[in-house]
Amino acid sequence: MHALYYIAKGQKTLGPCSKDDLRNFLAYGSIRDSDLVKRDDEEQWRPVSSLLELHVAGQILADGLTVKPVRRRVARYRDYNRVPYDQRGGVVLRRMIFGFLFLPPLLWWAAVSLYSDHIFRRKKDENGYLKIWGRWVEVLITIMIIVNALAWWMGISYASWIIGPGIRELSNTAGEAVEVIKGLMGDIGL
């Protein structure tokens with residue numbers, strides 16, 4: 001069971017909320033480090049900045065005691081329909097597949113979405129938030145882009161090798177046709 005927290009903000013008491021909710025409140029500025037918080041199993045209120053479990057990814061300041069969090073704004077969604085279109089897992093997955101197989105710009109578009117934002121799945125975590133794709137997908141799409149570029153390069157090279165002699169003969173024939181038309185024009189007097 002996850003610990004629940006209560007927040008004292010002015011004369012109001014908010015809660016219960018989860019540790020993830022506290023992190024989001026901090027990230028969005030809804031609460032400050034100086035606001036008071038207590039766990040549901042504690043009696044004493046203390047500043048949010050003193051909760052070490054919130055600052056795992058933080059840094060220790062000069063006094064050696066205070067932990068300052070590294071804040072990163074991350075939108076969390078509970079409803080898949082509210083997720084921006086370019087951050088939906090199904091959309092990005094379709095672009096990856098169709099881009100890899102047929103139209104490379106779709107693959108690049110999927111890569112831009114993936115490298116710049118979180119991609120949300122329809123599945124929810126234990127707190128009711130939508131889960132996001134793991135970072136391993138960035139490695140996968142990088143490999144897909146490289147393989148796709150090599151495949152297109154080999155395909156175009158092969159096609160030019162096969163079609164090249166035919167194009168050369170066609171251009172020679174077109175040149176001969178131009179000479180015949182010039183001769184006819186000269187005969188007519190144009």
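Because the structure is predicted, anything quoted here is derived from the model rather than measured. (Residues numbered from 1 in each chain as written. Predicted model: local features only at pLDDT ≥ 70, side-chain atom pairs only at ≥ 80, totals over all residues. Heavy atoms only, no water.)

## Examining the environment of valine 112
Next, step 1: Secondary-structure assignment places valine 112 in helix 3 (residues 104-116).
Next, step 2: When its relative accessible area of 54% is taken as the criterion, valine 112 is described as exposed.
Next, step 3: Along the chain, valine 112 and aspartate 86 lie 26 residues apart, while their C-alpha atoms are 9.4 Å from each other. (Helix = DSSP H or I, 4+ residues; strand = E, 2+ residues; numbered from the N terminus. Buried < 20%, exposed > 50% of the residue type's maximum accessible area, 1.4 Å probe, protein only.)

## Some thoughts on a nonpolar patch on the surface
Next, step 1: A contiguous nonpolar patch, built from Leu93, Ile97, Phe98, Leu101, Phe102 and Leu103 and spanning about 600 Å² of accessible area, is present on the exposed surface.
Next, step 2: Here phenylalanine 102 is to be found in the loop between helix 2 (89-101) and helix 3.
Next, step 3: When its relative accessible area of 56% is taken as the criterion, phenylalanine 102 is described as exposed. (Patch = residues over 30% accessible without salt bridge, like charges linked within 9 Å, V, L, I, M, F, W, Y side chains within 5 Å. Areas by Shrake-Rupley, 256 points an atom, 1.4 Å probe, with all protein chains shown as cover. Salt bridge = Lys/Arg side-chain N within 4 Å of Asp/Glu carboxyl O.)

## A few points about helix 4 (residues 136-188)
Next, step 1: Counted at 1.5 Å a residue, the expected span for helix 4 with its 53 residues is 78 Å, and the 72 Å between its end C-alpha atoms agrees.
Next, step 2: The axis of helix 4 is deflected most strongly, by about 50°, at isoleucine 163, and proline proline 165 appears within four residues downstream.
Next, step 3: Here helix 4 has its buried residues at Val137, Ile141, Met144, Asn148 and Gly164.
Next, step 4: Remark: glycine 189 follows helix 4 within two positions and exhibits a positive phi of approximately 105°. (Expected span 1.5 Å × (residues − 1). Bend = angle between axes of the 7 residues up to and from the residue.)

## Here's the deal with the packing of aromatic side chains
Next, step 1: All told, the structure shown has three aromatic pairs when counted by the stated rule.
Next, step 2: When the ring of tyrosine 77 is compared with that of phenylalanine 120, the centres are 5.1 Å apart and the planes differ by 90°; the resulting orientation is edge-to-face. With tyrosine 77 in the loop between strand 6 (67-68) and helix 2 and phenylalanine 120 in strand 7 (residues 120-124), this pair connects stretches of sequence that are 43 residues apart. Assigned by exposure class, tyrosine 77 and phenylalanine 120 land together as buried.
Next, step 3: Geometry around tyrosine 129 places arginine 78 over its ring, the cationic atom sitting 4.1 Å from the centre. (Phe/Tyr/Trp six-rings, centres within 6.5 Å; stacked < 30°, edge-to-face > 60°. Lys NZ or Arg CZ within 6 Å of the ring centre and 35° of its normal.)

## A closer look at the nonpolar core
Next, step 1: The biggest cluster of nonpolar side chains holds eleven residues, and these are Val92, Met96, Leu107, Ala110, Ala111, Leu114, Ile119, Trp133, Val137, Ile141 and Met144.
Next, step 2: Leave out the neighbours within four places in its chain, and isoleucine 141 touches Met96, Leu107, Ala110, Ala111, Leu114 and Tyr115.
Next, step 3: Counting residues in hydrophobic clusters, the runner-up holds nine residues, among them Ile7, Ile31, Val37 and Leu51. (Core = buried A, V, L, I, M, F, W, Y, C linked by side-chain atoms within 4.5 Å. Contact = heavy atoms within 4.5 Å.)

## Thoughts on the pairing of strand 1 (residues 5-9)
Next, step 1: Pairing analysis gives four bridges linking strand 1 to strand 2 (residues 12-17), with the strands arranged antiparallel. Residue alanine 8 lies in a different strand from strand 2, and its bridge partner there is threonine 13.
Next, step 2: Across four bridges, strand 1 lies against strand 3 (residues 36-39) in antiparallel orientation. Bridge pairing links tyrosine 6 to lysine 38 in strand 3. (Pairing = 2+ DSSP bridges.)

## Some details on the packing of helix 3 against helix 4
Next, step 1: At their nearest, the axes of helix 3 and helix 4 sit 10 Å apart, and the two run at 160° to each other. Judged by the angle between their axes, helix 3 and helix 4 are roughly antiparallel. The way helix 3 lies across helix 4 gives a crossing that is left-handed. Residue-level inspection shows Pro104, Leu107, Trp108, Ala110, Ala111, Leu114 and Tyr115 of helix 3 in contact with helix 4, the latter providing Val137, Glu138, Ile141, Thr142, Met144, Ile145, Asn148 and Trp152.
Next, step 2: Taken together, the residues of the contact of helix 3 with helix 4 sort by class into twelve nonpolar, two polar and one charged. (Axes fitted to C-alpha atoms, helices over the stretch in contact; angles between N-to-C directions. Parallel < 35°, antiparallel > 145°, perpendicular 65-115°, else oblique. Left-handed = near helix turned anticlockwise from the far one by under 90°. Nonpolar A, V, L, I, M, F, W, Y, C, P; charged D, E, K, R; others polar.)

## Observations concerning unusual backbone geometry
Next, step 1: In the segment running from glycine 15 into proline 16, the intervening peptide bond is cis, with an omega of 0°.
Next, step 2: Looking at the element boundaries, proline 16 is found in strand 2.

## Examining the confidence of the model for the protein chain
Next, step 1: Put simply, the protein chain has an average pLDDT of 82, and 87% of its residues get 70 or more.
Next, step 2: Mean pLDDT values for the elements of the protein chain range from 46 in strand 5 (residues 59-60) up to 94 in helix 2.
Next, step 3: Confidence drops under a pLDDT of 50 for residues 57-65, and excluding neighbours within four residues, the segment shows twelve contacts in the predicted structure. (pLDDT = per-residue confidence, 0-100.)

## Some words on the side chain of arginine 95
Next, step 1: Counting through the fold element by element, arginine 95 comes out in helix 2.
Next, step 2: For arginine 95, a relative accessible area of 8% gives the class buried.
Next, step 3: Of note is the side chain of arginine 95, whose polar atom sits 3.0 Å from the side chain of aspartate 86.
Next, step 4: Excluding its chain neighbours within four sequence positions, the residues that come into contact with arginine 95 are Tyr85, Asp86, Phe100, Leu106, Leu107, Trp109, Ala110 and Ser113. (Polar contact = N/O pair within 3.5 Å; in protein donor to acceptor, adjacent residues only side chain to side chain.)

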